[in-house]
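# Structural overview for review
Chain by chain, the residues:
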Amino acid sequence: MMADSTAELLDMADRIGLDRRHLQHAGTGREHFDICLSRRARAVAAGAVEITMRDMARMRRERRHT
């Protein structure tokens, strides 16, 4: 799971019951949580938008150039 900002990512993590200590690559363009399918379903129900791997790669490239 990734987001446009760290605050947004941590907010969603809190809403779906993820432990913040599992945040990977904190403070980088690769910042994310690995989540299981049941947490993914909870995230989507809480407003997360599912993206493709291609979308994720594009987002990471854009983060490197900002």
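Criteria and thresholds
Residues numbered from 1 in each chain as written. Predicted model: local features only at pLDDT ≥ 70, side-chain atom pairs only at ≥ 80, totals over all residues. Heavy atoms only, no water. Helix = DSSP H or I, 4+ residues; strand = E, 2+ residues; numbered from the N terminus. Rg over C-alpha atoms; globule rule 2.2 N^0.38 Å. Buried < 20%, exposed > 50% of the residue type's maximum accessible area, 1.4 Å probe, protein only. Contact = heavy atoms within 4.5 Å. Areas by Shrake-Rupley, 256 points an atom, 1.4 Å probe, with all protein chains shown as cover. Polar contact = N/O pair within 3.5 Å; in protein donor to acceptor, adjacent residues only side chain to side chain. Core = buried A, V, L, I, M, F, W, Y, C linked by side-chain atoms within 4.5 Å.

Turning to the overall build of the chain, a few remarks are in order. Within the chain, the regular secondary structure consists of three helices and zero strands. When the elements of the chain are put in sequence order from the N terminus, they spell out α-α-α. Over its C-alpha trace the chain gives a radius of gyration of 11 Å, about what one expects of a compact globule, namely 11 Å for 66 residues. Here the chain holds 66 residues, and 23% of them are scored as buried. Excluding contacts between residues fewer than 6 apart, the proportion of contacts in the chain whose partners are at least 24 apart in sequence is 44%. Carbon and sulfur atoms form 52% of the exposed surface of the chain, whose accessible area is close to 4,800 Å².

What follows deals with the side chain of His-32. Secondary-structure assignment places His-32 in the loop between helix H1 (6-16) and helix H2 (37-45). A polar contact is formed between the side chain of His-32 and the backbone oxygen of Arg-30, at a distance of 2.7 Å. Look past the residues within four positions of His-32 in its chain and what remains in contact with it is Met-1, Met-2, Leu-9, His-22, Leu-23, Gln-24, His-25 and Arg-60.

Turning our attention to the side chain of Glu-31. Tracing the backbone through its elements, the reader meets Glu-31 in the loop between H1 and H2. Overall, Glu-31 belongs to the buried group, its relative accessible area being 7%. A distance of 2.9 Å separates a polar atom in the side chain of Glu-31 from the backbone nitrogen of Gly-27.

Core analysis: the largest hydrophobic core is formed by ten residues, namely Ala-3, Leu-9, Leu-10, Met-12, Ala-13, Ile-16, Leu-18, Leu-23, Phe-33 and Ala-43. Not counting residues within four places of it along the chain, the set of residues in contact with Leu-9 comprises Met-1, Met-2, Ala-3, Leu-23, Glu-31, His-32 and Phe-33.

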